[in-house]
Amino acid sequence: MGALRIEVDDNGHQFWMPAAGIPWFVAVFGRNSIISSLQAIAVYHEFARGTLLKLAQLQATELDDWHDAQPGKMLHEMRRDELTTLNLLPYHPYYGTVDTTILWIVTLAEAFNWNADVSMLDECRTPLEKALSWIDKYGDFDGDGFVEYLTRSPKGLRNQGWKDSGDAIVYPDGQLVEPPIALCEVQGYV
């Protein structure tokens, strides 16, 4: 886990968050960093704090279809490769994930259970309010009571849950499920 650490600066304080993986994914990945933080929380709750703060710093503030961003949404990943630098891919940052925002809220609650740090809650109050608003306004964009996703970026991920490959969500007969898609685990997180 030590090799996966990424330093987070927050108002002059240094924290750590876990990257997604070595060697290709030493970068901020929302869901991966959240899950790793949750799994390590009993032995090192500071990963959760660093992850929460970094994702809050990168929380979307406006609608941006190229990056699949919506106000209050937490990012999926941030890459610095050549195609992204040339703006041929939307990954700096990319918000195409349906579950990171919700898991961010779960992690905030769990981190507080372990560290009892009221200042962390105070610092995360505004991002929390924005995340909760995202669930109601953009997560459940058709008002049916389910949080679903629909990629808006022409270069974005077709599937925006933990199984994010293009052919991951299929019917029993193998036919691709057409978006919008409401994943069962996402409903459980909410």
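Just so it is clear, the model here is predicted, and its values are computed rather than measured.

A. Inspection of the pairing of strand β2 (residues 13-18) at higher detail. In terms of strand pairing, strand β1 (residues 5-10) meets β2 through six bridges, oriented antiparallel. Following the sheet pairing, Asp 10 is matched in β2 by His 13. Linking two consecutive strands that pair antiparallel, namely β1 and β2, is a turn of two residues; a positive phi of about 50° is found at Asn 11 within it.

B. Geometry of unusual backbone geometry. Of note, the bond from Ile 22 into Pro 23 is cis; its omega dihedral lies within 30 degrees of zero at 5°. Its location among the elements puts Pro 23 in the loop between β2 and α1 (30-40). Despite not being glycine, Asp 68 has its phi angle at roughly 55°, a positive value. With respect to the helices, strands and loops of the structure, Asp 68 is situated in the loop between α2 (46-57) and α3 (82-85). Judged by its relative accessible area of 4%, Asp 68 falls in the buried class. We note that Asn 87 has phi near 65°; this positive angle belongs to a residue other than glycine. Here Asn 87 is to be found in the loop between α3 and α4 (100-115).

C. Examining the packing of aromatic side chains more closely. In this structure the tally under the stated criterion is three aromatic pairs. Their ring planes at 85° and their centres at 5.2 Å tell us that Phe 25 and Phe 29 sit as a pair that is edge-to-face. Judged by relative accessible area, Phe 29 falls into the buried class, the value being 6%. Here the guanidinium or amino end of Arg 152 rests over the ring plane of Phe 141, the centre of that ring lying 5.6 Å away.

D. Looking closely at the environment of Ser 153. With respect to the secondary-structure elements, Ser 153 resides in the loop between α6 (125-139) and α7 (184-189). Look at Ser 153 and you get buried, because its relative accessible area is 6%. Spatially, the C-alpha atom of Ser 153 lies 18 Å from that of Ala 182, the residues being 29 residues apart in sequence. In this structure Ser 153 touches Asp 65, Trp 66, Asp 68, Pro 90 and Tyr 94, once residues within four positions along its chain are discounted.

E. Inspection of the pattern of salt bridges at higher detail. Taken as a whole and assessed by the stated rule, the structure comprises six salt bridges. Notably, a salt bridge pairs Arg 158 with Glu 178, separated by 3.1 Å at the nearest N-O pair. Here Arg 158 is found in the loop between α6 and α7, whereas its partner Glu 178 is found in the loop between α6 and α7, with 20 residues between them in sequence. The exposure class assigned to Arg 158 is partly exposed, which follows from its relative accessible area of 23%. Overall, the relative accessible area of 54% leaves Glu 178 in the exposed class. One salt-bridge network, held together by shared partners, links Arg 31, Asp 99 and Asp 164.

F. Spotlight on the layout of surface pockets. Size it by volume and the largest pocket reaches roughly 270 Å³. Forming the boundary of the largest pocket are Trp 24, Phe 25, Val 26, Ala 27, Val 28, Phe 29, Glu 77, Met 78, Arg 79, Arg 80 and Asp 81. Across the lining of the largest pocket, the residue classes tally to seven nonpolar, no polar and four charged.

G. Examining α1 more closely. Among all positions of α1, only Gly 30, Arg 31, Ser 33, Ile 34, Ser 36, Ser 37 and Ala 40 are buried. Turning to α1, the residues buried within the fold contact β2, α2 and α4.

Calculation notes
Residues numbered from 1 in each chain as written. Predicted model: local features only at pLDDT ≥ 70, side-chain atom pairs only at ≥ 80, totals over all residues. Heavy atoms only, no water. Pairing = 2+ DSSP bridges. Helix = DSSP H or I, 4+ residues; strand = E, 2+ residues; numbered from the N terminus. Buried < 20%, exposed > 50% of the residue type's maximum accessible area, 1.4 Å probe, protein only. Phe/Tyr/Trp six-rings, centres within 6.5 Å; stacked < 30°, edge-to-face > 60°. Lys NZ or Arg CZ within 6 Å of the ring centre and 35° of its normal. Contact = heavy atoms within 4.5 Å. Salt bridge = Lys/Arg side-chain N within 4 Å of Asp/Glu carboxyl O. 1 Å grid on protein atoms, 1.4 Å probe; cavity = no way out; pocket = protein on both sides within 12 Å on 5 of 7 lines; lining within 4 Å. Points joined across faces, edges and corners; volume = space filled by probe spheres on them. Nonpolar A, V, L, I, M, F, W, Y, C, P; charged D, E, K, R; others polar.

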